[in-house]
Amino acid sequence: MGIYEQEIEQICKEPLPWEQLEGSTILISGATGGIGKCLTDILMHRKRGMGQRFRIVALSRRETVARERFADYWEEEGFQYISCDINRNIPECGEIGYIIHAASNTHPIQYARDPVGTITANVLGTRELLEYGISHGIKRFCFLSSVEIYGENRGDVESFDESYLGYIDCNTVRAGYPESKRLGEALCNAYGQAYGVEFVIPRLSRIYGPTALPDDSKAVAQFIRKAAEGRNIVLKSEGTQEYSYTFVTDAAMGILYTLLCGDTGKAYNIADAASEVRLRELAESLAELAGTKVVYELPDEEERKGYSMHQKSLLDASALRSLGWMPHVHLSEGLKCCVEAAKEICG
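This text gives an overview of the structure that appears in the document. (Residues numbered from 1 in each chain as written. Predicted model: local features only at pLDDT ≥ 70, side-chain atom pairs only at ≥ 80, totals over all residues. Heavy atoms only, no water.)

## Focus: the packing of helix α7 (residues 219-228) against helix α9 (residues 279-290)
- At a closest axis distance of 9 Å, the pairing of α7 and α9 adopts a crossing angle of 15 degrees. By the angle class used here, α7 and α9 are roughly parallel. α9 is crossed by α7, and the crossing has right-handed handedness. Counting all contacts with α7, which are made through Ala219, Val220, Phe223, Ile224 and Ala227, the residues of α9 involved are Leu279, Leu282, Ala283, Leu286 and Ala290. (Axes fitted to C-alpha atoms, helices over the stretch in contact; angles between N-to-C directions. Helix = DSSP H or I, 4+ residues; strand = E, 2+ residues; numbered from the N terminus. Parallel < 35°, antiparallel > 145°, perpendicular 65-115°, else oblique. Left-handed = near helix turned anticlockwise from the far one by under 90°. Contact = heavy atoms within 4.5 Å.)

## Some remarks on the pairing of strand β4 (residues 98-101)
- Residues Tyr98 and Ile100 line one face of β4 and the alternating positions Ile99 and His101 line the opposite face, and both faces are buried.
- Pairing analysis gives four bridges linking strand β1 (residues 25-29) to β4, with the strands arranged parallel. Note on β4: the bridge partner recorded for leucine 27 is isoleucine 99.
- Both β4 and strand β5 (residues 140-143) contribute to a ladder of four bridges, which runs parallel. Following the sheet pairing, isoleucine 99 is matched in β5 by phenylalanine 141. (Buried < 20%, exposed > 50% of the residue type's maximum accessible area, 1.4 Å probe, protein only. Pairing = 2+ DSSP bridges.)

## Focus on the environment of valine 339
- With respect to the element layout, valine 339 can be found in helix α12 (residues 331-346).
- As for valine 339 and glutamate 229, which are separated by 110 residues in sequence, their C-alpha atoms are 8.9 Å apart.
- Among all residues touching valine 339, those that are not within four sequence positions of it are Ile224, Ala227, Ala228, Leu286 and Leu289.

## Concerning helix α5 (residues 115-135)
- Helix length check: α5 (21 residues) gives 30 Å between terminal C-alpha atoms against 30 Å at 1.5 Å per residue, within 8%.
- Along its length, α5 reaches its greatest deviation from straightness, about 40 degrees, at alanine 121.
- All buried positions along α5 are accounted for by Gly117, Thr118, Thr120, Ala121, Asn122, Val123, Gly125, Thr126, Leu129, Leu130, Tyr132 and Gly133.
- In the stretch just after α5, glycine 137 is the one whose phi turns positive, near 75 degrees. (Expected span 1.5 Å × (residues − 1). Bend = angle between axes of the 7 residues up to and from the residue.)

## Concerning the packing of aromatic side chains
- Evaluated as defined, the whole model comprises ten aromatic pairs.
- A centroid spacing of 5.5 Å and a plane angle of 70 degrees characterise the contact between tyrosine 208 and phenylalanine 247, whose relative ring orientation is edge-to-face. Taken together, the positions of tyrosine 208 in strand β8 (residues 206-208) and phenylalanine 247 in strand β10 (residues 242-247) put the pair 39 residues apart, joining distant regions of the chain. Phenylalanine 247 shares its class with tyrosine 208; the two are buried.
- Members of the aromatic cluster, joined through ring pairs, are Phe70, Tyr73, Trp74, Phe79 and Tyr81.
- Against the face of phenylalanine 54 rests lysine 47, its NZ or CZ located 5.8 Å from the ring centre.
- Taking the ring centre of tyrosine 243 as reference, the NZ or CZ of arginine 206 above it sits at 3.6 Å. (Phe/Tyr/Trp six-rings, centres within 6.5 Å; stacked < 30°, edge-to-face > 60°. Lys NZ or Arg CZ within 6 Å of the ring centre and 35° of its normal.)

Structure representation (structure tokens):
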């Protein structure tokens, strides 16, 4: 059993108020994404291993991808997949207790190639899911937000806590992601005020893990694929950017802590303090694992449009830790797991 599978099993034993989910339906948008897949794996393991009774409704746009990602559950009672575009309408899938909105363009190439879709999933998709929830008995709405909403650290703080209000240049294509995440959070607040919707907001640091999709263009995902293929790691900057990273199972666990234990209307940062690193050091670690080296290239125009220009984006996760969350898989162990998983895919 690998680290990923071990962590899934361990998370199912976390002292969470799992009983809140009993008899409910949990809808996960963006279910085939790296985080959505991990959340589904945890919840389905909880159903199978712990005998807990709830139903999972997984939403995404690409059924062919979903059939592969959820092959183990496809015909299983208590699991339902629905292909849809959440920006337009949510198909009827019955009463819903909990919605975890994980559907979003989350990597640089998507920002550049699909700037409109990047915004609409975080705004129109959020509205559609909230509307469905209030008409179908929702208990709690969980909107997955991002470190990106804090904008640029201009040297006034070491790390961002949930009260920080940063600077974002809104007149760029790249701004579509953080600005729409901010508006998604505002929509949750509006629906909370107007309709009494209970909501919580996990704000995620940079997430990596073996559930990443093959087309993920985030730097860490590219580095991992290169390492698995035994190729040089390509850096398209000087690599001085310093970021918080979190292994996907720890991120999914943080989302569940936020969903089941978080205060209504509150945001919680999810970040592993032991996995803060400069991009160059991350690249060097993976090059060492692969027995290769780091090389430097200039990004092309499309890549530049999607890249973050922020030099330091560290998250303070003290609020989430106060709920009982503690990350298990730190960077060196997590990277090894990802490279081994990617090697299996590469054949």
